[in-house]
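Spelled out, the chains give:
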Amino acid sequence: MAKPQPKYLSGDAAAINEFLDRFDTFLFDCDGVIWSGDHVFERVPETLELIRSRGKKIIFVTNNSTKSREQYLSKFTKLGIPATADEIFGSAYSSAIYISRILRLQPPRNKVFVIGESGIENELRAEGVPFIGGTDPSFLRDMTPQDWRGIADGSLLDPDVGCVLAGLDMHVNYLKLSHALHYLHRGAVFLATNTDATFPSNGSLFPGAGSIGTAPLAYMSGKTPLALGKPSQAMLDAVEGRFRLDRARTCMVGDRLNTDIQFGVEGGLGGTLAVLTGVCKLGDWEKEDAPAVPGFYVDKLSDLLVAGSSSG
Ligand SMILES: O=C(O)[C@H](O)[C@H](O)COP(=O)(O)O
Ligand SMILES: [Mg+2]
């Protein structure tokens with residue numbers, strides 16, 4: 001059976017108006033759609049304003065765990081993109097609420113060992129979840145003979161660690177991974193904020209969270225983490241619960257087939273829009289092993305601007 005073909009919208013004002021009229025809520029991915037690093041794609045702020053002016057709800061759903069909602073709000077503000085902290089739902093937040101409200105680790109083994117940046121730490125702190133590792137400077141160094149011995153005999157390990165959470169860590173090293181491995185050996189729950197293989201930034205691709213922490217730890221421990229970012233339906237359920245989404249009137253906009261588009265398709269959302277400014281390239285969805293096919297696609301997000309402020 002022929003694969004469904006996504007509808008190309010760029011340059012077609014009537015089709016874009018019809019597309020926008022189908023949805024009340026737009027879930028926007030960030031890296032590769034809104035920006036690439038600190039570079040905001042052309043006319044993205046106007047495009048978001050157009051969508052708001054048509055009475056649509058906007059929610060930013062990012063797998064990037066390096067920032068908390070508050071830290072993202074600062075980035076949006078710094079880059080001149082109107083947004084509120086309430087509209088931001090990141091994988092660091094998704095992971096923190098999963099740990100505090102669903103996993104509910106019981107003391108004393110309720111501490112999290114973090115492979116990741118301050119975004120995870122800030123969201124865990126906001127949920128009252130204790131943690132170690134992460135950006136702690138005492139982990140940003142080479143292994144010493146004491147480390148080898150102390151990790152092996154457990155004297156350097158914290159007995160209260162009951163979970164290892166792995167995200168995008170720009171400072172990962174042998175010491176952190178060694179601690180994480182030994183906590184997993186001791187039965188700690190293995191979670192990942194997301195498993196993206198690459199990270200789109202500065203117009204190119206860099207190592208992603210999945211390649212930095214999650215995959216190496218899974219390989220060395222023989223364990224598979226529970227991933228809490230897109231395409232995880234646990235994240236969509238959390239977004240739905242938080243924002244009272246009508247899935248049929250909701251569209252996921254993203255640059256990656258095996259996170260954003262798969263998230264929307266498996267979640268039964270009314271639509272998915274692929275944007276070709278990030279990871280996904282034209283026709284990737286036609287490949288035999290494509291994880292999902294978007295309903296629509298555009299070359300860049302601002303192509304939606306031809307619609308104009310009033311519906312068709
Ligand atoms: O490696 C990562 O964590 C991802 O590449 C990055 O987070 C993607 O973020 P998103 O496109 O979901 O905003
Ligand atoms: Mg993206």
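The structure reproduced in this document is the subject of the present report. Keep in mind the model is a prediction, meaning the values are calculated, not measured. (Residues numbered from 1 in each chain as written. Chains lettered and ligands numbered in written order. Predicted model: local features only at pLDDT ≥ 70, side-chain atom pairs only at ≥ 80, totals over all residues. Heavy atoms only, no water.)

### Here's the deal with the pattern of salt bridges
Argument step 1. Evaluated as defined, the whole model comprises 20 salt bridges.
Argument step 2. For aspartate 38, the salt bridge is made with lysine 75, and the minimal N-O distance between the two is 3.7 Å. Taken together, the positions of aspartate 38 in the loop between β3 (35–36) and β4 (39–40) and lysine 75 in helix α3 (residues 69–78) put the pair 37 residues apart, joining distant regions of the chain.
Argument step 3. Residue aspartate 38 is classed as partly exposed on the basis of its relative accessible area of 47%.
Argument step 4. With relative accessibility at 9%, the residue lysine 75 sits in the buried group.
Argument step 5. A salt bridge links aspartate 86 to arginine 242; the shortest N-O distance between them is 3.4 Å. Taken as a pair, aspartate 86 in the loop between α3 and β6 (88–90) and arginine 242 in helix α9 (residues 233–243) lie far apart in primary sequence, 156 residues in all.
Argument step 6. Among the charged side chains, a network of salt bridges with common partners joins Asp29, Lys230 and Asp260. (Salt bridge = Lys/Arg side-chain N within 4 Å of Asp/Glu carboxyl O. Helix = DSSP H or I, 4+ residues; strand = E, 2+ residues; numbered from the N terminus. Buried < 20%, exposed > 50% of the residue type's maximum accessible area, 1.4 Å probe, protein only.)

### Quick word on the coordination of the magnesium ion (ligand 2)
Argument step 1. Only Asp29 (OD), Asp31 (O) and Asp255 (OD) from the protein coordinate the magnesium ion (ligand 2), and they sit 2.0 to 2.1 Å from it.
Argument step 2. The motif formed by the donor residues of the magnesium ion (ligand 2), counted along the single chain, is D-x1-D-x223-D.
Argument step 3. Taking the relative accessible area as the measure of exposure, aspartate 29 reaches 5% and is therefore buried. (Donors = N, O, S within 2.8 Å, 3.2 Å for Na, K, Ca; no water.)

### Comments concerning the pairing of strand β11 (residues 198–201)
Argument step 1. Where β11 and strand β12 (residues 204–207) come together, four bridges link them in antiparallel fashion. Bridging across to β12, proline 200 finds its partner in leucine 205. (Pairing = 2+ DSSP bridges.)

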